[in-house]
Amino acid sequence: MISCTLKTFPGMPAVHCAVLAAFVPLLGSSLALSAQTPTPPMTAPGTRTTYQPVFRFDGYTTTYAFGVNERGELQQIYWGGRIAPKDPLPAPKSNPEHASFDNSYNNTPQEYAGWGAGLFQEPALKVTFADGNRDLVLHYLSSTKPDEQSGIQDIVLKDIQRDVRVILHYWMDPDTGILARWATIENHEPKPIVIEQAAAAAWSLPPAHYTLDYLSGRWAGEWTLNREPIQAGERVLESRRGSTGHQMNPWFAISRNETADPAGEEHGDTWFGALAWSGSWRITVEQDQLDNVRVTGGFNPFDFGYTLKPNEKLETPVFYGGFTQDGKGGASRLLNHFTLARILPTAPNPKPRPVIYNSWEATEFAVTEAGQEALAEKAAALGIDRFVMDDGWFGQRKDDHAGLGDWYVNKDKFPSGLKPLIDKVHSLKMDFGLWVEPEMVNPDSDLYRKHPDWVLNFPGRPRTEQRNQLVLNLARKDVRDYVYGFLDKLLSENQIAFLKWDYNRNWSEPGWDQVPVDEQKRVYVQFTRNLYSILGELRAKHPGVEIESCSGGGGRVDLGILHYTDEVWPSDNTDPLDRLTQQDGFTRAYPNQVMMSWVTDSPHWLNARATSLNYRMLVSMEGALGIGGNLNKWSAQDMATAQRLIREYHLVQKTIAQGSLYRLISPTNGSEFAATEMVAPDRSQAVFFAYVHSTQEGRGFPRLQLLGLDPDTQYAFSSIDGSAAPGTPAQASGAWWMNHGVDVNLRGDFQAAMFRLDKR
Ligand code: DGJ
């Protein structure tokens with residue numbers, strides 16, 4: 001057993017871990033256990049090594065283990081509930097050939113399989129060598145002890161003949177049992193190789209019946225939770241768009257449903273994972289002919305082709321995977337806790353988000369100094385913390401036809417620059433945020449007239465515009481430096497506390513003709529890496545500045561961008577009923593803390609649905625609250641309602657943002673009702689929301705039996721908005737609130753209520 005103190009992963013605070021790296025005896029031989037794994041002799045397929053190292057990670061309630069099988073392949077042997085330190089683990093042993101059509105290489109749950117030796121499943125790695133050979137069979141070469149600082153353990157694989165190596169990196173979070181896995185591929189051959197497919201990791205599950213959850217969507221319709229049985233073949237979750245995409249999100253949850261007690265919201269075996277990458281990505285969920293399930297994820301192999309010259313390497317994104325016996329709700333709580341504690345740039349103590357006002361739905365592009373100042377005064381009266389000016393303040397931006405790329409202040413709209421507005425906002429005791437869309441350019445801009453070669457394009461071919469804009473090729477160093485430069489200048493010259501970083505189209509014609517042909521497809525990696533490096537450098541130079549990731553709504557939300565940004569904009573759809581289901585989907589993968597949620601005007605522009613301000617406020621208060629309506633049109637009563645609820649929100653915001661989330665009633669599948677509960681980490685407070693969409697046949701709201709409280713603690717009950725049934729006690733034990741539960745008075749169309757419980 002190796003005990004170590006983890007400094008951080010990557011770059012995060014110290015935690016403690018215990019990682020076992022041992023040898024298990026092979027074929028009955030009893031060889032000494034050792035923490036140091038010697039390099040076994042390289043073997044040809046089908047021969048046996050003498051020693052079979054086994055690697056085991058234990059964290060929170062999870063154990064993950066793999067080892068080297070008799071052929072020398074790295075093979076997963078366990079992923080599930082935590083087992084005792086001395087419990088036996090099966091020796092890694094390849095599965096036999098099932099039939100002449102099902103060879104052992106396919107049947108064996110490999111940790112990271114090269115495409116070779118007759119592999120029909122998704123390979124983790126597929127390459128073409130300079131001489132045309134495409135056979136790659138990776139065997140175990142060596143391993144390191146967990147690094148004393150980072151706790152990361154490396155396992156080295158190598159092709160059975162050629163010097164292509166893969167370093168598999170592993171780190172398990174002791175607080176959640178979530179395992180971080182990623183790979184570095186190294187070419188030590190004398191000639192280049194082309195990587196056609198590179199996964200961060202492959203995860204194996206034993207043969208069973210499973211249900212897959214994944215998130216799909218479209219613009220203004222993100223975060224749809226899909227639930228389907230895993231069946232023979234492959235379900236592909238992906239983006240080929242150059243960025244994360246609205247259409248699929250790089251997250252999955254798989255629950256076992258074979259037993260008499262299938263996995264549900266609050267119980268049952270659930271495996272889950274999220275890929276930390278904001279470029280084109282792919283996750284495949286594959287059930288083979290022998291019912292083995294394998295999840296493989298990393299760079300999207302579509303149009304991929306990364307040439308590695310001799311002694312070059314390519315590092316994949318990180319793929320996080322976890323396990324819980326507490327069902328789908330338990331899975332999201334673990335992942336959300338992990339994101340707060342390990343992923344966010346301010347982890348492990350992210351501040352609850354300021355309540356913002358955003359001008360977009362009020363003014364669209366028609367921003368002016370006087371108009372923004374008038375809105376700022378009204379926002380301040382509500383108790384808003386941050387005033388954000390959206391699109392329209394720069395270049396010749398009157399609508400979406402011009403201006404992107406020209407990041408100077410429009411003098412017609414702001415004759416003396418941004419300072420007077422920023423000063424005004426500060427005098428109103430708010431800080432100031434600004435919208436930018438740094439990676440884009442309108443052809444009608446000075447930047448494009450000067451640098452038409454800076455956009456993604458294939459020379460001589462059409463350049464397809466979307467929203468009248470083209471994508472700057474951020475993979476280019478000059479473009480990267482330009483983007484960093486103007487943002488740095490903007491932040492240095494103005495007192496800006498927050499950037500809303502937008503990205504309003506996907507790629508087309510992703511050409512990069514300034515580099516040799518064999519390097520052009522690196523754009524799929526380099527673009528995203530440069531984006532991350534700009535964000536990282538800006539944060540380092542301007543540590544007070546916070547950033548939101550927006551992409552026409554929720555088109556760029558993933559654990560990669562969340563390592564550099566404080567919050568995300570989940571959707572341009574702010575209709576409260578739609579938001580309820582979106583929030584249900586979103587929080588499966590990401591915490592309330594980062595889920596910006598504006599209250600906008602009624603009837604809603606998208607669905608023409610009319611709803612009360614209380615209902616809209618209570619929907620948005622499930623996440624990071626913002627106001628995005630046209631305050632010039634709000635009545636005095638609206639202003640008073642919003643002011644009161646913002647005040648109440650601040651009192652319980654930390655519990656909402658960072659507490660454990662329980663979906664008491666999911667709004668999905670046509671449910672008339674919805675209810676969520678958030679419990680503070682120390683269980684001293686709980687906040688719960690109830691929503692009815694449309695009461696029918698006089699049916700009352702289902703009784704809410706709360707979850708996650710301390711049964712022995714006395715909690716005082718109070719209403720933030722709405723009422724509970726007569727007879728609800730002013731105080732009772734956690735056991736009472738969880739076992740008896742609360743009857744909520746909620747009838748009508750689009751009604752909501754919000755309550756709190758506080759430890760006495
Ligand atoms: C798309 C964003 O999602 C909106 O909130 C707004 O910022 C517009 N872009 C501005 O162009």
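Note: the structure precedes this text.
Basis of the calculations
Chains are numbered independently. Their residues run from 1 in the order of the written sequence. For this predicted model, a pLDDT threshold of at least 70 governs which residues receive local features, and a threshold of 80 or more governs which side-chain atom pairs are given and counted, while totals over whole chains, interfaces and linings are taken from all residues. Side-chain metrics in this entry use all non-hydrogen atoms of the structure; hydrogen atoms and water are not considered. What is meant by a nonpolar core is a set of buried Ala, Val, Leu, Ile, Met, Phe, Trp, Tyr and Cys residues, joined one to another through side-chain atoms within 4.5 Å. A simple rule labels every residue: compare its accessible area, found with a 1.4 Å probe on the protein chains alone, to the largest value its type can have, and call it buried under 20%, exposed over 50%, or partly exposed in between. Helix numbering and strand numbering both begin at the N terminus, where a helix is a DSSP run of H or I of at least 4 residues and a strand a DSSP run of E of at least 2. Two residues form a contact once any of their heavy atoms are found within 4.5 Å. Should DSSP find at least two bridges between two strands, the strands are regarded as paired. Interaxial angle, 0 to 180 degrees, is taken between N-to-C directions of lines fitted to C-alpha atoms, where a helix line uses only the stretch in contact. Under this scheme an angle from 65 to 115 degrees is roughly perpendicular, one under 35 degrees roughly parallel, and one over 145 degrees roughly antiparallel; angles in between are oblique. Left-handed describes a crossing whose near helix is turned anticlockwise from the far helix by less than a right angle; the clockwise case is right-handed. In this count, Pro and Cys sit with the nonpolar residues alongside Ala, Val, Leu, Ile, Met, Phe, Trp and Tyr, while Asp, Glu, Lys and Arg are called charged and the others, Gly among them, polar. Put plainly, a pocket is an open set of points on a 1 Å grid over the protein atoms alone with protein on both sides within 12 Å along at least five of seven lines, a cavity is a set where a 1.4 Å probe fits but cannot get out, and a lining residue has an atom within 4 Å of a point. Grid points are joined across faces, edges and corners, and a volume is the space filled by probe spheres set on the points. As annotated, the domain borders come from an automatic or database domain assignment. One heavy atom within 4 Å of a molecule or strand is enough for the residue carrying it to be called near that molecule or strand. Distance and chemistry together define a polar contact, namely a pair of N or O atoms within 3.5 Å, with one atom able to donate a hydrogen and the other to accept it when in protein, and with adjacent residues in sequence counting only for side-chain atoms on both sides. Computed with a 1.4 Å probe, the accessible areas rest on the Shrake-Rupley method; for each residue, only the protein chains presented here act as cover. Molecule-in-pocket calls rest on the fraction of atoms, with more than half required to lie within 2 Å of the cavity or pocket grid points. For a crossover, the right-handed case is the one in which the path from the first strand over the helix to the second runs clockwise, viewed with the strands pointing away from the viewer.

### Considering the nonpolar core
Logical step 1: Counting residues in each nonpolar core, the largest one holds 183 residues, and the members touching the most others are Tyr112, Leu125, Ile195, Trp393, Met617 and Ile627.
Logical step 2: The biggest single contributor to this core is helix α8 (residues 523-541), with nine residues.
Logical step 3: If sequence neighbours within four positions are ignored, methionine 617 has contacts with Val599, Leu625, Ile627, Ala642, Leu645 and Ile646.
Logical step 4: Counting residues in hydrophobic clusters, the runner-up holds 26 residues, among them Phe673, Ala686, Ala724 and Val742.

### Describing the sheet that holds strand β29 (residues 567-568)
Strand-to-strand pairing in sheets goes through backbone hydrogen bonds, with the strands running parallel or antiparallel.
Logical step 1: Strand order in this open sheet of eight strands is β29-β28-β27-β24-β23-β22-β31-β30, and the pairing throughout is parallel. Both outer strands of the open sheet, β29 and β30 (596-599), are each paired with one neighbouring strand and no more.
Logical step 2: For strand β24 (residues 431-436) and strand β27 (residues 498-501), the ladder comprises four bridges, and the chain directions are parallel. Pairing of tryptophan 435 across the sheet is with lysine 500, part of β27.
Logical step 3: Its contacts with the sheet put helix α10 (residues 613-620) on β30 and β31 (624-627), and the angle it makes with β30 is roughly 175°.

### Thoughts on the packing of helix α7 (residues 477-493) against α8
If you want to describe how two helices pack, look at the angle between their axes and the distance between the axes.
Logical step 1: In the contact formed by α7 and α8, the axes pass within 10 Å of each other and the chain directions differ by 25°. Compared by their axis directions, α7 and α8 come out roughly parallel. In terms of crossing hand, the pair formed by α7 and α8 is right-handed. Residue-level inspection shows Arg480, Val483, Tyr484, Leu487, Asp488, Leu491 and Ser492 of α7 in contact with α8, the latter providing Asn530, Ser533, Ile534, Glu537, Leu538 and Lys541.
Logical step 2: Here the residues of the contact of α7 with α8 sort into six nonpolar, three polar and four charged.

### Examining the layout of surface pockets
Logical step 1: Roughly 790 Å³ of internal volume is contained in the largest pocket.
Logical step 2: Looking at the lining of the largest pocket, the elements with two or more residues in it are β21 (318-324), α2 (327-343), α11 (636-658) and β32 (660-665).
Logical step 3: Among the residues forming the lining of the largest pocket, the class breakdown is 16 nonpolar, 13 polar and six charged.
Logical step 4: Both domains that meet at the lining of the largest pocket, namely domain 1 (2-343) and domain 3 (663-759), each give it at least three residues.
Logical step 5: Counted as a void, the second largest pocket has a volume near 520 Å³.
Logical step 6: Surrounding the second largest pocket, 27 residues form its lining, Trp219, Trp360, Arg467, Gly552 and Asp572 being those nearest its centre.
Logical step 7: Looking at the lining of the second largest pocket residue by residue, the class counts come to nine nonpolar, eight polar and ten charged.
Logical step 8: Taken together, domain 1 (2-343) and domain 2 (396-426 + 435-491 + 502-564) each give at least three residues to the lining of the second largest pocket, which thus spans both.

### Focus on the site of the ligand
Logical step 1: Neighbouring the ligand are 14 residues, the closest being Asp390, Asp391, Lys500, Asp502 and Asp572.
Logical step 2: Taking aspartate 390, its side chain carries an N or O atom lying 2.7 Å from an oxygen atom of the ligand.
Logical step 3: Between tryptophan 435 and the ligand, the recorded distance is 3.1 Å, taken from a side-chain N or O atom to an oxygen atom.
Logical step 4: The fraction of the free accessible surface of the ligand (300 Å²) that becomes covered by protein chains is 98%.
Logical step 5: When each cavity is represented as a set of grid points, the ligand is found to reside in the second largest pocket.

### Side note on the pairing of β27
Logical step 1: Burial of the side chains of β27 extends over both faces: Phe498 and Lys500 are buried on one face and Leu499 and Trp501 on the other.
Logical step 2: Relative to strand β28 (residues 546-549), β27 is paired through four bridges, and the arrangement is parallel. In the strand pairing of β28, leucine 499 is matched with isoleucine 547.
Logical step 3: After leaving β27, the chain enters α8 and then returns to the sheet as β28, a path that is right-handed.

### Examining empty space enclosed by the protein
Logical step 1: By the definition in use, this model includes eight cavities of 30 Å³ or more.
Logical step 2: Approximately 110 Å³ is the volume attributed to the largest cavity.
Logical step 3: Put simply, the parts of the chain that give the lining of the largest cavity at least two residues each are α9 (576-589), β32 and β33 (673-679).

### Describing the sheet that holds strand β35 (residues 714-721)
Logical step 1: Across the sheet, six strands lie side by side as β32-β33-β34-β39-β35-β37; this open sheet has antiparallel pairing. One side of each edge strand has no neighbouring strand; the edge strands of this open sheet are β32 and β37 (731-733). Adjacent strand axes in the sheet meet at a mean angle of 25° when their direction is disregarded.
Logical step 2: Pairing of β35 with β37 involves three bridges; the strand directions are antiparallel. For glutamine 714, the partnering residue across the bridge sits in β37 and is serine 733.

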